Amino acid sequence: MSAIVVTGTDTGIGKTVFSAGLTAALQASYWKPVQSGLEEETDSQVVARLSGRPVLPEGYLLQLPASPHLSAEAEGVEIDPDSLDLPQVDGVLVAEGAGGVMVPLNREMLYLDLFARWTAPVILCARTQLGTINHTLLSLQALRGAECDVVGVVFIGEAEADVEQTICQFGKVAHLGRLPMIVGLRSETLASDLGEVQSAFPGGRSGADQPGGRSEAGTEALAQAFATHIDIDTIKKALQL
Ligand SMILES: Nc1ncnc2c1ncn2[C@@H]1O[C@H](COP(=O)(O)OP(=O)(O)OP(=O)(O)O)[C@@H](O)[C@H]1O
Ligand SMILES: [Mg+2]
């Protein structure tokens, strides 16, 4: 088995969408060690919907949408990093962190420490919006300080050629491509785009748990964007595939 870690400069920047594209492209399995926040579609559900690939059960499923250490404490749980070894799968495992690299798992350990323990190659996802140079360079410094093997940076959003180049130059890091914003990825958007929410899902089901059907549009759009924009060969090389 080989594993690859997807982390990012911040929360809500597109790690899960990228992970879904990567999981599909590598015909891999996906794992989210700690899911904080259960109100909306979980990261595992998004990846299952957009990749159609196997998704392993989370190590911890926590109600509160907050840093894992705080979500855990709110439920009287302590996250035990020893229980978060990479699960064994046939083929490749894509493991997604939460938020950014210096997010605490408990009062003693950051995600960064877990990544270092895993010794798996890491992809850093970064926004292209204002503020990203600082966030991305700091995240790279932290990853390297922990002796993580950084495969490169994936950008997400509208093209910002100079910004992307500046990051790669100062960060001495590979540019693994830029995933543009893709229309129709959210299950609710897809359903309402088609104007069928009520009739298709009278019990309130969204496209997220509808096998096949409208989720296929998002899957196809993501696979196409991924194939066009992401340097999968460099990622495969890092995994010795
Ligand atoms: N390439 C994209 N095209 C269209 N929408 C996107 C794209 N990337 C992310 N989004 C949207 O932005 C939102 C946040 O994305 P995502 O859940 O992937 O972020 P994240 O970095 O995984 O967040 P978290 O830290 O909570 O795990 C979602 O609504 C997602 O659908
Ligand atoms: Mg995510």
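Our subject is the structure that appears above.
Bear in mind the structure is a predicted one, so any value in this text is a computation, not a measurement. In this convention, every chain numbers its residues from 1, walking through the sequence in written order. Here the convention is simple: chains get letters from A, ligands get numbers from 1, in the order in which they are written. The predicted origin of the model limits local features to residues at a pLDDT of at least 70 and limits the giving and counting of side-chain atom pairs to 80 or more, whereas totals for whole chains, interfaces and linings rest on all residues.

Moving on to the environment of Gly100. Looking at where Gly100 falls in the secondary structure, it is placed in the loop between β5 (92-96) and α4 (111-118). Between the C-alpha atoms of Gly100 and His135, which are 35 residues apart in sequence, the distance is 9.5 Å. Our contact criterion uses C-beta atoms placed from the backbone: two residues qualify when those atoms are within 7 Å. Leave out the neighbours within four places in its chain, and Gly100 touches Thr7, Gly8, Thr9, Asp10 and Ser139. Where helices and strands are cited, they refer to DSSP runs of H or I of at least four residues and of E of at least two residues respectively, numbered from the N terminus.

On to unusual backbone geometry, then. The bulk of non-glycine residues show a negative phi, and the bulk of peptide bonds are trans. Not every positive phi belongs to a glycine, and Thr119 is a case in point at roughly 55°. Tracing the chain through its elements places Thr119 in the loop between α4 and β6 (122-127). Buried means a residue has 20 or more other C-beta atoms within 10 Å of its own C-beta, exposed means 12 or fewer, and partly exposed covers the counts in between; C-beta atoms are placed from the backbone. Thr119 gets classed as partly exposed once you count the C-beta atoms within 10 Å, which come to 13. Phi at Glu147 takes a positive value of approximately 65°, unusual for a residue other than glycine. For Glu147, a count of 9 C-beta atoms within 10 Å puts it in the exposed group.

At their nearest, the axes of helix α5 (residues 132-145) and helix α6 (residues 161-171) sit 10 Å apart, and the two run at 25° to each other. Judged by the inter-axis angle, α5 sits roughly parallel to α6. The element α5 and its partner α6 pack so that their crossing is right-handed. In contact with Thr132, Ile133, Thr136, Leu137 and Leu140 of α5, α6 contributes Val163, Thr166, Ile167, Phe170 and Gly171. In terms of residue class, the contact of α5 with α6 is made up of 6 nonpolar, 4 polar and no charged. Angles run from 0 to 180 degrees between N-to-C directions of axes, and those axes are lines fitted to C-alpha atoms, restricted for helices to the stretch in contact. Each angle receives one of four descriptions, namely roughly parallel if under 35 degrees, roughly antiparallel if over 145, roughly perpendicular if within 65 to 115, and oblique otherwise. Throughout, a crossing is termed right-handed when the near helix is turned clockwise from the far one, and left-handed when it is turned anticlockwise from it by less than a right angle. Amino acids are sorted into nonpolar (Ala, Val, Leu, Ile, Met, Phe, Trp, Tyr, Cys and Pro), charged (Asp, Glu, Lys and Arg) and polar (every other residue, Gly among them).

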